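In case you want the letters, here they are:
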Amino acid sequence: AGKVLYLAKDGEFDDIVLICLYDIYDEKQKTAIVKSSEIRGNKTYYSLLVDGKEYSFVSDVASVAYIGTALKVDFEGNSISFIRGSVDAEAISTSIRAIDAKRVKINDSVYLFKSNTTIYYMDSRGVIKQIGISDIDLTKTYSRVAVYLDKPGEIDGRAEVIFIVE
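Residues numbered from 1 in each chain as written. Predicted model: local features only at pLDDT ≥ 70, side-chain atom pairs only at ≥ 80, totals over all residues. Heavy atoms only, no water.

1. A short note on the overall build of the protein chain
No. 1: Across its full length, the protein chain holds 0 helices and 14 strands.
No. 2: Over its C-alpha atoms, taken along the principal directions, the protein chain stretches across nearly 65 × 45 × 20 Å.
No. 3: With 166 residues in all, the protein chain has 38% of them scored as buried.
No. 4: Roughly 10,100 Å² of accessible area belongs to the protein chain as shown, and the carbon and sulfur atoms make up 48% of that amount.
No. 5: In the protein chain, 21 positive and 25 negative side-chain charges are present, and the distance between their average locations comes to 6 Å. (Helix = DSSP H or I, 4+ residues; strand = E, 2+ residues; numbered from the N terminus. Buried < 20%, exposed > 50% of the residue type's maximum accessible area, 1.4 Å probe, protein only. Areas by Shrake-Rupley, 256 points an atom, 1.4 Å probe, with all protein chains shown as cover. Lys, Arg positive; Asp, Glu negative; His and termini not counted. Charge placed at Lys NZ, Arg CZ, Asp CG, Glu CD.)

Right, here's the structure in full:
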């Protein structure tokens, strides 16, 4: 989430006269889904999905990540600059109870969407593709449905990624 870098106050009432913020629109940190990872020597070569686009990243740390793992990544310009680590799902289930253009219901909890929520579907062959709301079958039992939020739910986190496994 965005952070206050500097706050200047002035006057008898300590009125705020200047606020410097960093990444208030959460564009520098995103949730990525591992499409593939391969260790070669002492490096790991990743193919990651972010906002429906595929990115490559080479890490100096030899550590394999499984297909479908969610990672928090930093962006610098239009490329991934750093992998912060794995992300835990806010909710895990085998079905989706309800979904519309603004929210999803998993188990008995409702999660609001970010403006750019991405839904991924992994088939039985391990192929991951981006899908839309209309592609989701509410009557189907999936192997796994996971909801990843942009920030913790208790501070108004919104669904950034939904990952469905056939």
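2. So, a negative patch on the surface
No. 1: A surface patch of like charges, here negative, comprises Asp10, Glu12, Asp14 and Asp15.
No. 2: In this fold, aspartate 14 is placed in the loop between strand S1 (3–10) and strand S2 (15–22). (Patch = residues over 30% accessible without salt bridge, like charges linked within 9 Å, V, L, I, M, F, W, Y side chains within 5 Å. Salt bridge = Lys/Arg side-chain N within 4 Å of Asp/Glu carboxyl O.)

3. Section: the packing of aromatic side chains
No. 1: Under the defined criterion, the tally for this structure stands at 2 aromatic pairs.
No. 2: Taking 5.2 Å as the distance between ring centres and 85° as the angle between the ring planes, the aromatic pair formed by tyrosine 55 and phenylalanine 75 counts as edge-to-face. Remark: phenylalanine 75 occurs in strand S6 (residues 70–76) and tyrosine 55 occurs in strand S5 (residues 53–59); sequence separation between them is 20 residues. No difference in accessibility class separates tyrosine 55 from phenylalanine 75, as the two residues are buried.
No. 3: Here the guanidinium or amino end of arginine 40 rests over the ring plane of tyrosine 45, the centre of that ring lying 3.9 Å away. (Phe/Tyr/Trp six-rings, centres within 6.5 Å; stacked < 30°, edge-to-face > 60°. Lys NZ or Arg CZ within 6 Å of the ring centre and 35° of its normal.)

4. Regarding the pattern of salt bridges
No. 1: Throughout the structure, instances matching the rule amount to 10 salt bridges.
No. 2: Its salt-bridge partner being aspartate 51, residue lysine 30 comes within 2.8 Å of it at the nearest N-O pair. Taken together, the positions of lysine 30 in strand S3 (residues 29–40) and aspartate 51 in the loop between strand S4 (43–50) and S5 put the pair 21 residues apart, joining distant regions of the chain.
No. 3: Across the pair aspartate 60 and lysine 43 runs a salt bridge, and its minimum N-O distance is 2.8 Å. A residue pair is termed long-range when its members are at least 10 positions apart, and aspartate 60 in the loop between S5 and S6 and lysine 43 in strand S4 qualify at 17 residues.
No. 4: Taking relative accessible area as the criterion, lysine 43 reaches 28% and is therefore assigned partly exposed.

5. Description of a nonpolar patch on the surface
No. 1: On the surface, Val4, Leu7, Ile16, Ile19 and Leu21 cluster together into a nonpolar patch covering about 450 Å² of accessible area.
No. 2: Counting residues per element, the ones that place at least two in the nonpolar patch are S1 and S2.
No. 3: Within the secondary structure, leucine 7 sits in strand S1.

6. Here we look at the sheet that holds S3
No. 1: Strands sit in the order S5-S4-S3-S6-S7 across an open sheet of 5 strands; the sheet is antiparallel. In this open sheet, the two edge strands, each paired with only one partner strand, are S5 and strand S7 (79–86). Sheet twist, expressed as the mean angle between neighbouring strand axes with direction ignored, is 40°.
No. 2: Of the strand pairs in this sheet, S3 and S4 are connected by 7 bridges, and their pairing is antiparallel. Bridge pairing in S4 links isoleucine 39 to threonine 44. (Pairing = 2+ DSSP bridges. Axes fitted to C-alpha atoms, helices over the stretch in contact; angles between N-to-C directions.)

7. Digging into unusual backbone geometry
No. 1: We note that asparagine 107 has phi near 55°; this positive angle belongs to a residue other than glycine.
No. 2: Position of asparagine 107 relative to the elements: it lies in the loop between strand S10 (103–106) and strand S11 (109–122).
No. 3: One non-glycine residue, aspartate 156, adopts positive backbone phi at about 65°.
No. 4: Position of aspartate 156 relative to the elements: it lies in the loop between strand S13 (144–149) and strand S14 (159–165).

Without other data, these values stay purely geometric and don't point to any function.
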